[in-house]
Structures are given as structure tokens and as C-alpha cells.
Amino acid sequence: MEDQTKIEIGISKTRIFDSPNSPGDTLFTGDSILGNLREIINQGNSCFEEDRHIVKRIHQWLNSESLDPEKLFVELEKEKDADPSNIYCLAFLVRWEIGTAQDPGNAFKWYEIAADRGDLQAENELGGCYQEGIGCPQNSEKAFFHYSNAAKGGNVFGQTNVGSCYFYGVGTNKDHAEAVRWFQKGAQAGESFSQSFLGDAYLRGKGIRRDARKAIYWYKCASQQEACFDIGSSTSFYSLGFCYQAGFGTQLDVHAAIKVYRKLIQMNYDESLDCLATIFKSNH
């Protein structure tokens, strides 16, 4: 192995070794490439990207570096105990058929193992599996249990999800005030879904005293995260446009509403087309 050629890739210093015995064959060494994989997944989670966008970025990265996804999966499985988040990443690859066959039941198993070892994101994902019946029987009470564990541990996505459970009565009794308490935690941490939900609560006076100005504030906070392409920021853009259009919590400003709705069209949020049509129809 002494005559392998080392290639440094980018600032992350990912190392790829091409074996002279098998030209073009890539060996994944240590924590380098796996670290890049963890970074892509964690970065996506940090701004609550939808999984499909994370999957797309993983494939783009694999293609750009000419990496074999099956070998990546094999190496990750070998190194599953080397880093606590490797098991979570393993579950992610299994769930979304990256380098291996899609197997919801197996993904669920890896999420369980990761959660048992203290991975709060895996704990949150277990809640999602139970809520949707992914790899396990659907069980809203167990979903609430795992969301609660993640939330109490400080996982911002768990905080948003447990807030949603309280708001809609999923796995627990409806409690709008308790929902707002969890949304406030998530919102203050910068999570766009919590910010959007909190804006809705203030606008409608559910679980908290109605305050249209605070609703506008939280809608604006969430809408600033549109770069993440998540539903939370899109929904907040839509609500913000509606507030401008109707004059809720701010001065009526049709031009600002139009600007927001046009931004939504760029984000493929088609509901804004009807709003724009209404504005243009009323002004002609």
C-alpha cells in the first residue's frame, strides 16, 4: 500500500487512494470521506432540509468525486462504531437506497441502535417512523414518546415535532399552550417550522394571546431561511404575503405582498399564483 497516490480534495482534506493493483478502484480511508458524508447530512438537518434535498446533494457529491456509493456504504458499516453519528448516517442510507437496497425495517433498526446510544436526531427520526409507519407499525403514542425524548434532550426538530403533537393531538391530548411552549424553544433556536407555527399561534390566538405584530416577526424569521428549501419557510412566506395583502399586524402593502408571492413562485410554491391573480384582478 506504500505506493498509493494520495489526492487532497478541497478544504475538508478528503483522502482518496487509488490502488495500482486495481486502477480507478477507490478505497475509503478512516474518517475522511465518512466525515464528508456526515457533514452533508448534518448540514441538511441543521436547516431542516427535506430528506430528498439531502439525498440529492449526497448523489451530487458522490458523482463529483467519482465515489462508489456501494463501497461508501460498506465502509460506513465497517466504521459504524467509530463515530456516534455513523449509525444514524447508516440508517439514512438504508432508508433512501444509497449504496444499498432500500429497507425501511433495517433503517428503523439502525435508528433504534443510534437512539439507544444517545443520538437525539435518531430519536427524533424514530418518532417519525412510528408516526408514519416506516419500518414499524404506526403508533402515534410511541411517536410522541420519541419526539418528547429528543425534545427534552435539546433536539430542535424534536421540539418542533412534540409541539405539533400537542397542537394537533397526535399521541397525546391537544394542548395549544404546551404546543406554543415547545414552538418557542424551537423558534428561538432558529428552526423555521417552529417559527412558522409560532407565527400562526400569535395570528390566531391559539395557546397564546393574539398578537399580529409578533406573528409578523416570526413569519419574517422563518421566511429568511428560504435557502433551506423547506416547507416551513415557504409557509411563512405565504402567511407573510397574506398579512401584507390584508394588513394584519402591519400596514396594508400590496407591493410587498406581490414581492413575497413572486419569491414563492421561484420556490415552486404554486399556491401563491392564486393570491397574485386575486391582487391583479382587484386592481384592474
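Everything numeric here is computed off the predicted structure, so don't read it as measured data.

Let us now look at the packing of helix 4 (residues 84-95) against helix 5 (residues 104-116). The N-to-C vectors of helix 4 and helix 5 enclose an angle of 165 degrees; their axes lie 8 Å apart at closest approach. When the interaxial angle is binned, helix 4 and helix 5 end up roughly antiparallel. Taken as a pair, helix 4 and helix 5 cross one another with a handedness that is left-handed. Here helix 4 contributes Ile87, Tyr88, Leu90, Ala91, Phe92, Val94 and Arg95 to the contact with helix 5, which in turn contributes Asn106, Ala107, Trp110, Tyr111, Ile113 and Ala114. Residue composition of the contact of helix 4 with helix 5, grouped by class: 11 nonpolar, one polar and one charged.

This next bit is on the pattern of salt bridges. With the rule as written, the count across this model stands at four salt bridges. The salt bridge partner of Arg95 is Glu125, with a shortest N-O separation of 3.3 Å. In this pair, Arg95 sits in helix 4 while Glu125 sits in helix 6 (residues 120-132), placing the two residues 30 residues apart along the sequence. Glu125 matches Arg95 in its accessibility class, with the two residues each being buried. Between Arg204 and Asp200 there is a salt bridge, with its nearest N and O atoms 3.5 Å apart. With Arg204 and Asp200 both in helix 10 (residues 192-204) and four residues apart, this pair spans about one turn of that helix. Its relative accessible area of 53% is what places Arg204 among the exposed residues. For Asp200, a relative accessible area of 18% gives the class buried.

Now for the side chain of Ser85. Here Ser85 shows up in helix 4. With sequence-adjacent residues up to four places away left out, Ser85 is seen in contact with Arg38 and Asp119.

The next subject is the nonpolar core. Ranked by internal contacts, the top residues of the largest apolar core, which has 70 residues, are Leu37, Ile41, Ile58, Trp61, Phe92 and Tyr111. It is helix 4 that contributes the most residues to this core, eight residues altogether. Not counting residues up to four positions away in its chain, the partners in contact with Leu37 are Ile58, Trp61, Leu72, Leu76, Cys89 and Leu93.

Since the α-helix packs 3.6 residues into each turn, any two residues three or four apart lie on the same face. What helix 3 (residues 69-78) keeps buried is the set Leu72, Phe73, Glu75 and Leu76. Taken end-on, helix 3 shows its buried residues confined to a sector of 165 degrees, consistent with a single buried face. Exposed residues pointing more than 90 degrees away from the buried face of helix 3 are listed as Glu70 and Lys78. N-capping of helix 3 is provided by Asp68, with a side-chain oxygen placed 2.9 Å from the backbone N of Glu70.

Now for the environment of Pro84. Here Pro84 lies in helix 4. Along the primary structure Pro84 and Ala114 are separated by 30 residues, whereas in three dimensions their C-alpha atoms are 7.3 Å apart.

As a further point, take the confidence of the model for the protein. Considering every residue of the protein, the mean pLDDT works out to 80; 82% of them sit at 70 or more. Between residues 1-30, whose pLDDT stays under 50, and residues either more than four places distant or in other chains, the model counts 51 contacts.

How each quantity is defined
Residues numbered from 1 in each chain as written. Predicted model: local features only at pLDDT ≥ 70, side-chain atom pairs only at ≥ 80, totals over all residues. Heavy atoms only, no water. Axes fitted to C-alpha atoms, helices over the stretch in contact; angles between N-to-C directions. Helix = DSSP H or I, 4+ residues; strand = E, 2+ residues; numbered from the N terminus. Parallel < 35°, antiparallel > 145°, perpendicular 65-115°, else oblique. Left-handed = near helix turned anticlockwise from the far one by under 90°. Contact = heavy atoms within 4.5 Å. Nonpolar A, V, L, I, M, F, W, Y, C, P; charged D, E, K, R; others polar. Salt bridge = Lys/Arg side-chain N within 4 Å of Asp/Glu carboxyl O. Buried < 20%, exposed > 50% of the residue type's maximum accessible area, 1.4 Å probe, protein only. Core = buried A, V, L, I, M, F, W, Y, C linked by side-chain atoms within 4.5 Å. Arc of directions from axis to C-beta. Polar contact = N/O pair within 3.5 Å; in protein donor to acceptor, adjacent residues only side chain to side chain. pLDDT = per-residue confidence, 0-100.

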